[in-house]
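The primary structure of each chain is shown beneath.
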Amino acid sequence: MIRWLKKSYIAVILLVMYAPIALLMIFSFNANRLPVWKGFTLDWYTKMFNDAGIQQAFMYTLLIALVSSLCATVIGTFAAMGIHRMRGWQKKCVLYVTYIPLLSPDIVIGISLMMLFSVIKLPFGLPTLIISHITFSIPYVILSVMPRLQQMNYNLYEAALDLGATPGYAFKKVIFPEIMPGVIAGTFIAFTLSIDDFVVSFFNKGAGVDTLPIKIYSMARKGVNPTINAISTLMFTTIIVVLVATNLKASRKAKDTNR
Amino acid sequence: MNKKSLAIPYLIWSALFIIVPLLLIVYFSFFQEGQFSFQSYQKFLEPYYIKALWRSVQLAFFSTVICLIVAYPLAMLLSGKEMSNKQVVLLLVILPMWMNSLLRTYAWASLLENTGVINSLLQGIGLPTIKFLYGDKAVIFGMVYNFFPFMVLPIYNALCKIDPHLVEASYDLGANKVTTFRKVILPLSMPGVVTGIVMVFMPALTTFLITRLLGGGKVMLIGNIIEEQFTRTRDLSFGSAISMILMVLVLLALTFLGKKDSLDGKGGGLF
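Since the model is a prediction, treat every value here as computed from it, not as a measurement.

Parameters at a glance
- Residues numbered from 1 in each chain as written.
- Chains lettered and ligands numbered in written order.
- Predicted model: local features only at pLDDT ≥ 70, side-chain atom pairs only at ≥ 80, totals over all residues.
- Helix = DSSP H or I, 4+ residues; strand = E, 2+ residues; numbered from the N terminus.
- Buried ≥ 20, exposed ≤ 12 C-beta atoms within 10 Å, placed from the backbone.
- Contact = placed C-beta atoms within 7 Å.
- Nonpolar A, V, L, I, M, F, W, Y, C, P; charged D, E, K, R; others polar.
- Axes fitted to C-alpha atoms, helices over the stretch in contact; angles between N-to-C directions.
- Left-handed = near helix turned anticlockwise from the far one by under 90°.
- Domains from an automatic or database assignment.
- Expected span 1.5 Å × (residues − 1).
- Bend = angle between axes of the 7 residues up to and from the residue.
- pLDDT = per-residue confidence, 0-100.

Visitor: Go over the overall build of chain B, please, and point to the residues and values.
Guide: Scanning chain B for helices and strands turns up 12 helices and 2 strands. Each helix and strand of chain B, ordered N terminal to C terminal, gives the series α-β-β-α-α-α-α-α-α-α-α-α-α-α. Along the first, second and third principal axes, the C-alpha atoms of chain B reach 70 × 70 × 40 Å. Within the span of chain B, comprising 271 residues, buried residues form 42% of the whole. Within chain B, contacts between residues separated by at least 24 positions form 75% of all contacts whose residues are at least 6 apart in sequence.

Visitor: So what's going on with the interface of chain A and chain B? Residues and values would help.
Guide: A common measure of how large an interface is: the accessible area buried when the components associate. Contacts between the two partners involve 70 residues from chain A, matched on the other side by 67 residues from chain B. Taken together, the residues of the side of chain A that touches chain B sort by class into 59 nonpolar, 8 polar and 3 charged.

Visitor: Describe the environment of Val209(A), and please don't skip the residues or the numbers.
Guide: All names here are of chain A. Here valine 209 shows up in the loop between helix H9 (199-204) and helix H10 (212-220). Looking at valine 209, the number of C-beta atoms within 10 Å reads 19, which means it is partly exposed. The spatial distance from the C-alpha of valine 209 to the C-alpha of tyrosine 45 is 22 Å, given a sequence separation of 164 residues. The residues touching valine 209, leaving out its near neighbours within four places in the chain, are Tyr60, Gly125, Leu126 and Leu129.

Visitor: Let's hear about the environment of Gln229(B): which residues, and what values?
Guide: All names here are of chain B. Along the polypeptide, glutamine 229 turns up in helix H11 (residues 222-231). Under the C-beta neighbour-count criterion, glutamine 229 is labelled buried, with 21 such atoms within 10 Å. Sequence separation of glutamine 229 and alanine 204 is 25 residues, and the distance between their C-alpha atoms is 20 Å. Here glutamine 229 is in contact with Asp235, Phe238, Gly239 and Ile242, once residues within four sequence places are set aside.

Visitor: Any chance you could break down the packing of helix H3 (residues 52-85) of chain A against helix H8 (residues 167-196) of chain A for me, citing the residues and the numbers?
Guide: Residue and element names in this part refer to chain A. For the pair H3 and H8, interaxial distance at closest approach is 8 Å and the crossing angle is 145°. The handedness of the crossing between H3 and H8 comes out as right-handed. Contacts from Thr61, Ile64, Ala65, Ser68, Ser69, Ala72, Thr73, Gly76 and Thr77 of H3 reach H8 at Val183, Gly186, Thr187, Ala190, Phe191, Ser194 and Ile195. Class assignment of the residues belonging to the contact of H3 with H8 gives a composition of 7 nonpolar, 9 polar and no charged.

Visitor: Run through the domain arrangement of chain B, naming residues and quoting values.
Guide: Residue and element names in this part refer to chain B. Segmenting chain B into domains produces domain 1 (1-37) and domain 2 (47-265). Opposite the 5 residues of domain 1 that make contact, domain 2 presents 6 residues. For the side of domain 1 that touches domain 2, the residue count by class is 3 nonpolar, 2 polar and no charged.

Visitor: Any details on helix H3 (residues 47-79) of chain B? Residues and values, ideally.
Guide: The end-to-end C-alpha distance of H3(B), which contains 33 residues, comes to 46 Å, matching closely the 48 Å that a straight helix rising 1.5 Å per residue would cover. At Ala71(B), H3(B) shows its largest kink, close to 30°, and the proline Pro73(B) lies no more than four residues downstream.

Visitor: Got a sec to walk through unusual backbone geometry? Specific residues and values, please.
Guide: Residue and element names in this part refer to chain A. Even without glycine at this site, lysine 121 takes up a positive phi of about 55°. Turning to its location among the elements, lysine 121 is positioned in the loop between helix H5 (106-119) and helix H6 (126-151). In this structure lysine 121 comes out as exposed when scored by C-beta crowding, with 6 C-beta atoms within 10 Å.

Visitor: Please set out the environment of Ala57(A) residue by residue, giving values where relevant.
Guide: Residues and elements named next belong to chain A. Here alanine 57 lies in helix H3. On the basis of neighbour count, alanine 57 is assigned to the buried category, with 21 C-beta atoms found within 10 Å. Distance in space between the C-alpha atoms of alanine 57 and proline 213 is 8.6 Å, their sequence separation being 156 residues. Leaving out residues up to four positions away in the same chain, alanine 57 has contacts with Asp210, Thr211, Leu212 and Lys215.

Visitor: Quick one: what's the story with the confidence of the model for chain B, residue by residue and with numbers?
Guide: Model confidence for chain B is summarised by a mean pLDDT of 81, while 91% of its residues fall at 70 or above. Reported for the predicted complex are a pTM of 0.83 and an ipTM of 0.80.

Here is the structure:
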């Protein structure tokens, strides 16, 4: 009896979490505008692929996510290595600054950057979006690289230097392979955060430059629209496939190292 | 190569795009057209804004409490030994953290609409339709739905870290299940509970998206008022003042809960 109760508790929670997503996906294939099943159709997908606005938003989202996650990874990885060498109050101060974007509400990050850009008269558009995405992504990269550096044996790097490696070569051959998993995880987090971000982009976008979430928001405000269901279905499936693939790879690797 | 100077590009970046923007908020909240004044802060004392702030705190509080009540038992079940496929369930609970919250909120909005799925079903079996959307309840529901995984994950992590020997010792010393839970498990899981509360309360307090989609302009929370100052009324000074108040509230809450390093895993946890 208790076992059954426990199972149904979990089942109800999962049902509430996934029912709307599942229905959204189902209705993206519905021939009816209203949520009553009328037959299978791919109309909403053709509509989505033919909509120039959605296409453009998609390209911008991808471009911003790629550029910002790469920049954030480079700046963040070097920052993590620098911070790792710092001591005392210096380290504390820098880490506090790193925590600011994590702890402040998205809306405050969004408007504070918006004010900066309007004060320095940088026109709103692609550059402002990329800068703001880099800014909120860097802390996540730093926080995923730092633990790797802490686990690393620093003597290995010194041994490489003793054996005649230049600092650059020692970095490439010794440090980088060690921190690589953290760097990749950081890039991945930065990429997903950038694709998902709505609030910060909302305040820093320019006329004619929309990201997908902003486009969806402006469509959703006008009421239910099955084209949004089609976009959502694509976005959800992409995320699920990527996550499952990464997790499978990770668990396979874990098995290999256990052997 | 492995030197402090590697952090210089980052230091310049964060000075330019984190520190300066925050200082601009402080500046604009006190200066109107170059004149120093407390006007913007005084404006916030009007009943309309104080009420909005109070309502935001209330709604965020209720959704945090609901999240906690629902998440704690789930985390306990997941950290227990008897479940066979708990890894899968855990993955399913965390997965939505990686899905766009705008889309998930939209999914619920389209279900709950007057012409939505639930009401069509009710109509189909001859029951009267229910007006779910556009009100406090829909907003609280949306907050719970959006931030629930952020409550489960830290509690689950804290529960997993508890040394099983302590629980066994408690039973050996004659404590029953309730006493063991109250005296051993609950206190040891408190760090996770605190992290969970922070990670649900903060975004719930400042959201303007959930309010807009599920509250439909009827519910004006503090986030919506800030948004309005910057997109419609263009009262930068007042908008900055509210943001300052919000930041101070957030900082107070954080120091009160005494957990600055608890947000390490925000958004993470799957890898």
